[in-house]
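Breakdown of the fold
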Amino acid sequence: MAEIKLNAEVRSEFGKGAARRTRRANLVPAVIYGHGAEAVHITLPAHELQLALRTANVLIGLEIDGKDALVIPKAVQRNAIKGNIEHVDLLTVKRGEKVEVEVAVHVEGELAPGSNLLEYVQNTLLVEAEATHIPESVTVSIAGLDAGASILAKDIPLPKGSVLAGDEDAVVLQVVSAQAEEPSADATEAEGAEA
């Protein structure tokens, strides 16, 4: 995974008014925490941050007042209507350090012929990986699976260097058969009237 570099500035104003002024200046308020250090309140350029966060579990290299920090996003708050980023919590990491992150589950292949439907019980999988080698996603084959089949977390192949951090017996995907809708009472009466 590539590291994205961003410039950050320490912020000294807090509260709703200060946050609004920060956003009007095309900046995003953020907090860096982790490793037992005191939280650092910063601002980040909104557009560059938006682009960086398009990649899940992105590794961000920050330059804050001449010092470098390596962080990953832990929580992102977005405006419910506009979708723009309002605040970000960042977790400090070190090269070589293991971190727990959720990675997206993708599928490949086709289910067995018939009226089978794939149900995602979980869209993500909790894994532990080295901070500089976090996988963007994991892929599992569903080729030929029929109704009643399920894929557990332990059945999903993980990239080298990653280990499962969640419940290994948790159901991630399951195949169910499509249920035919029973005709409603109104539709049955209408058919009887036509006959």
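Structure's up top.
What counts, and where the lines are drawn
- Residues numbered from 1 in each chain as written.
- Predicted model: local features only at pLDDT ≥ 70, side-chain atom pairs only at ≥ 80, totals over all residues.
- Heavy atoms only, no water.
- Helix = DSSP H or I, 4+ residues; strand = E, 2+ residues; numbered from the N terminus.
- Rg over C-alpha atoms; globule rule 2.2 N^0.38 Å.
- Buried < 20%, exposed > 50% of the residue type's maximum accessible area, 1.4 Å probe, protein only.
- Contact = heavy atoms within 4.5 Å.
- Areas by Shrake-Rupley, 256 points an atom, 1.4 Å probe, with all protein chains shown as cover.
- Lys, Arg positive; Asp, Glu negative; His and termini not counted.
- Charge placed at Lys NZ, Arg CZ, Asp CG, Glu CD.
- Pairing = 2+ DSSP bridges.
- Polar contact = N/O pair within 3.5 Å; in protein donor to acceptor, adjacent residues only side chain to side chain.

**Description of the overall build of the protein**
In terms of helices and strands, the protein carries three helices and 13 strands. Its C-alpha atoms give the protein a radius of gyration of 23 Å, clearly above 16 Å, the size a compact globule of 195 residues would have. Along the first, second and third principal axes, the C-alpha set of the protein runs to 80 × 45 × 25 Å. The burial tally for the protein puts 33% of its 195 residues in the buried class. Contacts in the protein between residues at least 24 apart in sequence constitute 63% of all its contacts with a sequence separation of at least 6. Accessible area for the protein stands at about 11800 Å²; split by element, carbon and sulfur atoms hold 49% of it. Taken together, the 17 basic and 30 acidic charged side chains of the protein have centroids lying 16 Å from each other.

**So, the sheet that holds strand β9 (residues 124-130)**
With mixed pairing, the four strands of this open sheet are ordered in space as β10-β7-β9-β12. Pairing within the sheet leaves two strands with one partner each, and these edge strands are β10 (137-141) and β12 (163-164). Across seven bridges, the pairing between strand β7 (residues 98-108) and β9 is antiparallel. Considered in β9, the bridge of Val-101 is made with Val-127.

**Some details on the environment of Glu-102**
Positionally, Glu-102 belongs in strand β7. Taking the C-alpha atoms as reference points, Glu-102 and Asn-26, 76 residues apart in sequence, are found 29 Å from one another. Separated by 3.0 Å, the side chains of Glu-102 and Thr-124 make a polar contact.

No statement about biological role is implied by the geometric values presented.
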